[in-house]
There are 2 protein chains.
Amino acid sequence: MSLTADLIRGHTDAIILAHLVEKDSYGYEINKAIQAKTSGDYEMKEATLYSAFRRLERAGLITSYWGDATIGARRRYYAVTPSGQRFYYQNREEWQHAKRIIDALLP
Amino acid sequence: MSLTADLIRGHTDAIILAHLVEKDSYGYEINKAIQAKTSGDYEMKEATLYSAFRRLERAGLITSYWGDATIGARRRYYAVTPSGQRFYYQNREEWQHAKRIIDALLP
DNA sequence: CGGGGATACCTTGACAGGCGAGGTATCTTG
DNA sequence: CAAGATACCTCGCCTGTCAAGGTATCCCCG
């Protein structure tokens, strides 16, 4: 278990949606992007990532489609739905809120 | 489930230790103090609180003793051990770290 | 005096999310 | 041809949260 594993628990969905709000993407790319954005400090485990995809799709927050697999391995692309977008912006606000709370409690 | 419940998941131990680092205390008081410090924005569920006590004590991060129960209901006081203190300070640093990571991922 | 609310503790069991471990298939490069 | 990158996926364990339920004491109000 990495240092930050438990602390980021609960933000998985928002982190994934943050990428999909910008553009449709697929698992492997999202994972690499997370590592890049955090300078390698954080890496989402694959199992976590894919179970999140299933959860989000089941909840109607994202949809998926197979990419053109003429070259390389096939890719399953994900796209945010309108309710997924709302969910994301709401989650971002909640993060700001939670941050204030925790900061108040860990002086 | 309150808005911020999932987001604070994983900080329970640190939040409790933060209070005990200042002074020995007991469950009910800690809970009230959390509510006060967050202006009522956050309240730890009792079951969560007490299961955290058990976990922390098992791990040797806190110890407990019964308070003088001549008046009122009996109180079980908790005190931080040296390793509990180290754990707390380490957790606080990890929180700063996690905060930076999440901020980077939720633009 | 009786009842409700505050104080104070505790346990059980269900549930959800993270993730280790394992698996598949393709492409590129030395 | 082997190794490593790309790309996907599942099973099942573990841990933490918490709804629900329980106990006992004290104080105040009508």
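See the structure printed just above.
Residues numbered from 1 in each chain as written. Chains lettered and ligands numbered in written order. Predicted model: local features only at pLDDT ≥ 70, side-chain atom pairs only at ≥ 80, totals over all residues. Heavy atoms only, no water.

Caption draft 1: Just the overall build of chain A, in detail. Per the secondary structure count, chain A includes five helices and three strands. Taken from N to C terminus, the helices and strands of chain A fall in the order α-α-β-α-α-β-β-α. Dimensions of chain A, computed from C-alpha atoms along their principal axes, come out at roughly 55 × 30 × 20 Å. Within the span of chain A, comprising 107 residues, buried residues form 43% of the whole. In chain A, of all internal contacts separated by at least 6 residues, the share reaching a separation of at least 24 is 47%. Of the accessible surface of chain A, which amounts to about 6000 Å², a share of 49% is contributed by carbon and sulfur atoms. Between the averaged position of the 15 positive side-chain charges in chain A and that of its 13 negative side-chain charges there is a distance of 3 Å. (Helix = DSSP H or I, 4+ residues; strand = E, 2+ residues; numbered from the N terminus. Buried < 20%, exposed > 50% of the residue type's maximum accessible area, 1.4 Å probe, protein only. Contact = heavy atoms within 4.5 Å. Areas by Shrake-Rupley, 256 points an atom, 1.4 Å probe, with all protein chains shown as cover. Lys, Arg positive; Asp, Glu negative; His and termini not counted. Charge placed at Lys NZ, Arg CZ, Asp CG, Glu CD.)

Caption draft 2: A look at the packing of aromatic side chains. Across all of its chains, the model carries eleven aromatic pairs over all chains by this definition. Geometrically, the ring pair formed by A:Tyr65 and A:Tyr77 is stacked, given 5.7 Å between the ring centres and 10 degrees between the ring planes. Placement of A:Tyr65 in strand S2 (residues 62-66) and of A:Tyr77 in strand S3 (residues 76-80) is noted, with a sequence separation of twelve residues between them. A relative accessible area of 37% means that A:Tyr65 is categorised as partly exposed. Between B:Tyr50 and B:Phe53 the ring centres are 5.7 Å apart and the planes differ by 65 degrees, which places this aromatic pair in the edge-to-face class. Remark: B:Phe53 and B:Tyr50 occur in helix H4 (residues 46-58); sequence separation between them is three residues, near one turn of the helix. You can call B:Tyr50 partly exposed: its relative accessible area is 37%. An aromatic cluster of three or more residues is present, and its members are A:Tyr26, A:Tyr65 and A:Tyr77. (Phe/Tyr/Trp six-rings, centres within 6.5 Å; stacked < 30°, edge-to-face > 60°.)

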